[in-house]
Amino acid sequence: MSDVLVDVRDLKQHFPIRTGFMKTTPLKAVDGVSFTINKGETLGLVGESGCGKTTVGRTLLHLYEPTAGEIYFDGELVTKKNIGTMRKKMQMVFQDPYSSLDPRMTVEDIIGEPLDVHKLYSNKKERREKILELMNYVGLNSEHATRYAHEFSGGQRQRIGIARALAVDPQFIVCDEPVSALDVSIQAQVINMFEDLQAKLGVAYLFIAHDLLVVHHISKRIAVMYLGKIVEMADADDLNNNPLHPYTQSLLSAVPIPDPDIARSRQRIILEGDVPSPLRMPTGCPFRTRCQYATEQCAAECPSLTDRGNGHMSACFNK
Amino acid sequence: MNKPLISVQNLHTSFFTDSGEVCAVNGVSFELDHGEILGIVGESGSGKSVTAYSIMQILAATGKVVDGNIYYKGEDITKWSEKQMRGFRGKCCSIIFQDPMTSLNPVFTIGNQLTEAITLHTDKKGKAAKDRAAELLELVGINEPYKRLKQYPYELSGGMRQRVMIAMALACEPDILIADEPTTALDVTIQAQILELIQKLQKELGMAVILVTHDLGVIASMCDNIVVMYGGKICERGTAHEIFYNPCHEYTKGLLRSIPNVTRMKERLVPILGTPINMLNLPKGCSFCARCDAAMKICLTEQPEELTINENHKASCWMNVKAMLEAEGGNNNE
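About the thresholds
Residue numbers restart at each chain and count upward from 1, following the sequence in its written direction. Here chains are named by letter from A upward and ligands by number from 1 upward, in the order in which they appear as written. Confidence filtering applies because this is a predicted model: local features only for residues at pLDDT of at least 70, side-chain atom pairs given and counted only at 80 or more, and all residues used for totals across whole chains, interfaces and linings. Secondary structure elements are defined from DSSP: runs of H or I of at least 4 residues count as helices, runs of E of at least 2 residues count as strands, and each element is numbered from the N terminus. Between the two quantities, the radius of gyration covers C-alpha atoms and the globule rule is 2.2 Å times the number of residues to the power 0.38. Here a residue counts as buried when 20 or more other C-beta atoms sit within 10 Å of its C-beta, as exposed when there are 12 or fewer, and as partly exposed otherwise, the C-beta atoms being derived from the backbone. We call two residues in contact when the distance between their C-beta atoms, placed using the backbone, is within 7 Å. Only when DSSP finds a minimum of two bridges between them are two strands counted as paired. In this analysis an axis means a line fitted to C-alpha atoms, helices contributing only their contacting stretch, and an angle means the value between N-to-C directions, from 0 to 180 degrees. Every angle not falling under 35 degrees, over 145, or within 65 to 115 is termed oblique; those three ranges are roughly parallel, roughly antiparallel and roughly perpendicular. Take the far helix as the reference: if the near one is turned anticlockwise from it by less than a right angle, the crossing is left-handed, and if turned clockwise, right-handed. Three classes are used, and their members are as follows: Ala, Val, Leu, Ile, Met, Phe, Trp, Tyr, Cys and Pro are nonpolar, Asp, Glu, Lys and Arg are charged, and the others, Gly among them, are polar. Joining buried Ala, Val, Leu, Ile, Met, Phe, Trp, Tyr and Cys residues through C-beta atoms within 7 Å gives a set, and that set is a nonpolar core. A helix is expected to span 1.5 Å for every residue after the first. By arc we mean the arc of the directions from the helix axis to the C-beta atoms, nothing more.

Caption draft 1: Spatial organisation of the overall build of chain B. What chain B contains, in helices and strands, is 13 helices and twelve strands. Here the C-alpha atoms of chain B give a radius of gyration of 21 Å, agreeing with the 20 Å that 2.2 N^0.38 yields for 334 residues. By its C-alpha atoms, chain B is 75 × 50 × 45 Å across when sized along the principal axes. In chain B, which comprises 334 residues, the share counted as buried stands at 46%. Sequence-distant contacts in chain B: of pairs separated by 6 or more residues, those separated by 24 or more amount to 63%.

Caption draft 2: Summary view of the overall build of chain A. Tallying secondary structure elements over chain A gives eleven helices and twelve strands in all. Summarising its shape, the C-alpha atoms of chain A cover approximately 70 × 55 × 45 Å along the three principal directions.

Caption draft 3: Quick peek at the sheet that holds strand β4 (residues 63-72) of chain B. All names here are of chain B. Judged by pairing direction, the sheet is antiparallel, and its four strands sit side by side in the order β2-β1-β4-β5 without closing on themselves. Two strands bound the open sheet, and with one partner strand each, they are β2 (20-32) and β5 (75-76). Pairing geometry for β4 and β5, over two bridges, is antiparallel. What sits directly across from Tyr71, in β5, is Asp76.

Caption draft 4: Structural detail: the pairing of β4(B). Residue and element names in this part refer to chain B. The pairing of strand β1 (residues 6-17) with β4 spans eight bridges and is antiparallel. Looking across to β4, one finds that Val8 is bridged to Ile70. The hairpin turn running from β4 into β5, its antiparallel successor, is two residues long, and Lys73 in that turn takes a positive phi close to 50°.

Caption draft 5: Inspection of the packing of helix α5 (residues 154-166) of chain A against helix α6 (residues 184-201) of chain A at higher detail. All names here are of chain A. Taken N-terminus to C-terminus, the directions of α5 and α6 make an angle of 20°; their axes are 10 Å apart at the nearest point. Put simply, α5 runs roughly parallel to α6. Where α5 crosses over α6, the handedness of that crossing is right-handed. Of the residues in α6, those touching α5 at Gly154, Gly155 and Gln158 are Ile186, Gln189 and Val190. Residue composition of the contact of α5 with α6, grouped by class: two nonpolar, four polar and no charged.

Caption draft 6: Focus on the interface of chain B and chain A. Taken residue by residue, the interface counts 34 residues in chain B and 33 residues in chain A. Looking at the side of chain B that touches chain A, the elements that each hand over two or more residues are α8 (188-205), α9 (216-222), α10 (240-245) and α11 (250-257) of chain B. For the side of chain B that touches chain A, the element with the most residues is α8(B), which contributes six residues. Among the residues forming the side of chain B that touches chain A, the class breakdown is 16 nonpolar, 13 polar and five charged.

Caption draft 7: Focus on the environment of B:Ile243. All names here are of chain B. Note that Ile243 resides in helix α10. Classification of Ile243 by C-beta neighbours within 10 Å gives buried; the count is 30. For the pair Ile243 and Val212, spaced 31 residues apart in sequence, the C-alpha separation works out to 16 Å. Ile243 has contacts with Ile226, Val228, Glu236, Gly238 and Thr252, leaving out every residue within four places of it along the chain.

Caption draft 8: Here's a closer look at the nonpolar core. A:Ala163, A:Leu206, A:Phe207, A:Val224, B:Ile176, B:Ile210 and B:Val228 are the most contacted members of the largest nonpolar core, which has 182 residues in total. Apart from the residues lying within four places of it in its own chain, the contact partners of B:Ile176 are B:Leu5, B:Ile6, B:Leu32, B:Cys92, B:Cys93, B:Met207, B:Ala208 and B:Ile210.

Caption draft 9: Molecular detail of the environment of B:Ser103. All names here are of chain B. For Ser103, the position within the fold is in helix α3 (residues 100-103). Remark: the alpha-carbon pair of Ser103 and Leu177, spanning 74 residues in sequence, is separated by 16 Å. When sequence neighbours within four positions are dropped, the list of residues in contact with Ser103 reads Phe97 and Met165.

Caption draft 10: Structural context of the packing of helix α7 (residues 158-170) of chain B against α8(B). Residues and elements named next belong to chain B. At their nearest, the axes of α7 and α8 sit 10 Å apart, and the two run at 15° to each other. Between α7 and α8, the angle falls in the class roughly parallel. In this structure, the crossing between α7 and α8 has a hand that is right-handed. Together, Gly158, Gly159, Gln162, Ile166 and Leu170 of α7 and Ile190, Gln193, Ile194, Leu197 and Leu201 of α8 make up the contact between the two elements. Here the contact of α7 with α8 is built from residues that sort into six nonpolar, four polar and no charged.

Caption draft 11: Structural detail: helix α5 (residues 126-139) of chain B. All names here are of chain B. Under the 1.5 Å per step criterion, the end-to-end length of α5 is 20 Å for 14 residues, consistent within 8% with the ideal 20 Å. Regarding α5, the residues found buried are Ala129, Ala133, Ala134, Leu136 and Leu137. For α5, the arc enclosing every buried residue in end-on projection is 155°, short of the 170-degree limit, so these residues lie on one face. Those residues of α5 that are exposed and angled more than 90 degrees off the buried face are Lys127 and Glu135. Lining the buried residues of α5 we find α4 (110-121), α6 (145-149) and α7. Positive phi appears at Gly141, one or two residues downstream of α5, with a value of about 80°.

Caption draft 12: Region of interest: helix α1 (residues 48-56) of chain B. Residue and element names in this part refer to chain B. The element α1 is extensively covered by neighbouring structure, given that eight of its nine residues are classed as buried. Listed as buried for α1 are Lys48, Ser49, Val50, Thr51, Ala52, Tyr53, Ser54 and Ile55. Positive backbone phi, approximately 50°, marks Gln57, located one or two places after α1.

Caption draft 13: Spatial organisation of the sheet that holds strand β3 (residues 42-46) of chain A. Residues and elements named next belong to chain A. Taken in spatial order, the eight strands line up as β6-β7-β8-β3-β9-β10-β12-β11 in an open sheet, and their pairing is mixed. Each edge of the open sheet is held by one strand with a lone partner, namely β6 (90-93) and β11 (306-307). Sheet topology places β11 next to strand β12 (residues 313-314); two bridges connect them, and they run antiparallel. Bridge pairing links Thr306 to Ser314 in β12. Helix α9 (residues 246-254) rests against β9 (221-226) and β10 (229-235) of the sheet, and its axis sits at about 105° to β9.

Caption draft 14: Region of the structure containing the environment of A:Tyr121. Residue and element names in this part refer to chain A. Mapped onto the elements of the fold, Tyr121 is located in the loop between α3 (107-117) and α4 (124-137). Overall, Tyr121 belongs to the partly exposed group, with 16 C-beta atoms counted inside 10 Å. Taking the C-alpha atoms as reference points, Tyr121 and Asp74, 47 residues apart in sequence, are found 25 Å from one another. Ignoring sequence-local partners within four residues, the contact set of Tyr121 consists of Leu115, Glu126, Arg127 and Lys130.

Encoded structure:
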C-alpha cells in the first residue's frame, strides 16, 4: 500500500463567463494542476488572490464539478456518484468563520450535522458524547454546546468549524485560509491546534493561505500557484532557501518579515504591474508579462512543471 | 529644539453606544516629528484606528474625544471649529484608508474626485487643477494619467485604487500622512509596491507618516519608531530596534512569540491565551493581565505607570518595576 492519499492529475476548472450576447468565454480558474498529498502530510498552497488556490480546494471536494482531470483518493477515483461517501473521508474548513456557520443552529447541531448525514451514531446519547468529545478536541467547553454561533469570537467560531470538519473522522481536510480572518495572537492558537490534531489523528491537510510565513511554518511541502497553474512545488525549507521560479523569488522577497534588521538589509524584487485578468491570459507562460527574464520562447510556449532535483519542481525555461 | 509636528497628550476617545460608554482610547500620548515614520501596532479593537481618526476628528457620530489635547505645531486642534478642521484635513494632514474599494466614490471619475481636493484647498482651478491631478497620478506611478482621470474606480485594480487614494491624500502636500492599514486588503506583491511608494514619497516630500497596522512585518520594514497598543492604551513604545530585539512588555513579547520566526521556522508557536478584552468593562488594573502569564497581584489592582527603559524605549508593565527593584535592593519580594 502506498503512502499517497490524494492524487490530483491535470485538474482543470473552467467557469463560463458571459462576455456578450450568446457568447461565453471560459475563465480558466484552474488550468492543469497535478499534485499528490501523502498520508498525514501537510501541503501548503500559496498564491495571490485570483490565482485559483481556493478553487483547487473546492474542486477537490467536488463543490464544483471539475471540467477535466482526475482526483484519486486513497487509490479510488472521486466521481459525482461516490462523492457523498467520499466526503466522509475528506472535509473542509472555510476561511470566513462568520459566514460558514448557520446562525440559526446551536453549536451542538452544527457539529452534529455531519454525524446525522452519515448516520454515525446509534442513539441520541452516543451522538451527544461524540459531539462533546469533538468540542473537547478543539478546546471548547461542554457548556458551549447549546449556544449559537454569534455568541462566539472569531477564533472560537473557527474552532467550531474545525470540530465540524473532524466529526466524520476524516483522513484529509482542505483548510481554505483558516487563519486569515483572525488576529495575530489568536492565529497562533489555531495553528497550534491544527498541528496537535495532525499529530493525534494523523489527518493530512491541504493548507491554503496567502501568508507565506504561516504556510512555511505549518507545511512539509509548498506549491506556489499563479494564474491557475502551479509554477513551483518543493519541500518547504528548500522552497524558501532556494526558490527557482522568478515568481516565487519575488513573492518571497515581498513578504514582510517581522525583524527590522533582516527586513531592511535584504534585496527586494518588486514586480511591475498587476496580475493579468484570467479572461485574457497571456500566451505561453502566464507569468511572462511581469517577469524580468522573459524571452521569446516564453511567449510562444508554456513551460511545464519539471523536476530540478530532489523533488524540487519548477515551471520555467530559464531557471 | 523644534516643537514636534503633532503632539497627542492624554487622549481619551469614547463611543456612546446603547450598552454603555466604550472607552476606545484611554489616555494615549505620543509625539510625531517632521519626516518621521511612526508605526502604531495592535490587534483589532486596540484603539489604533480610533487614535488616528481622533487626530483627524473624523469619528463616527457616536464617538467623541472626551479628554486630552492634540497639538499641531503648538496649536490645540481639539478646540478648533469644524470650519478650521476642514482646512486642516487634506492640507495639513490627510489619511488613506484600508479598503480602497469603499473609500472612493463609485459614481464619480478618478479625475473628478482628485480635482475636488485640489480646488478646495489650493487656488488652482479648471485646467490647472486637472494638470495637477495628472501630475499626482504620475507621482504615484500610474501610467497614462490623462486617460485614468476619465475612468471610474471600478475600472481599476485594488493596487491602482490605493495609488489613487495616495495621490488624493498628497494633493495638497500635507505635513502628515496617516495610513490606516493601507495594504491589508492587498496581495503581497502589490503590498510591496505600495509600501515602497509610501517610503519613496515620504523621503521626497519630507512628510511625517503615521502607519497604523496589525502586521508586525510591515512595521519592521517601514517604521523608525513604534507604539504598541492594547485595550486603548499604549503598552510599549520605542525605536523599531528596541521593540523587536528588546521587548519589555509581556504583550509585545507575546505578539512576537506568536508569529513564525524566520530563523527558527519549525519551532512551535507560543500563542497568547484567551481573547482580546471587552472594551465595555475594562479591568481596574493592567488591561492585559487576564491573558498574561507573568501576571502578579499588583497587576490586577493597579495600572502600571510608564517606565523608561532607556532613552529610546518606554514600557508600562509591572514586570519591569519588579526587575528594577530586584536589581536595586535584592531581596524585597512583592
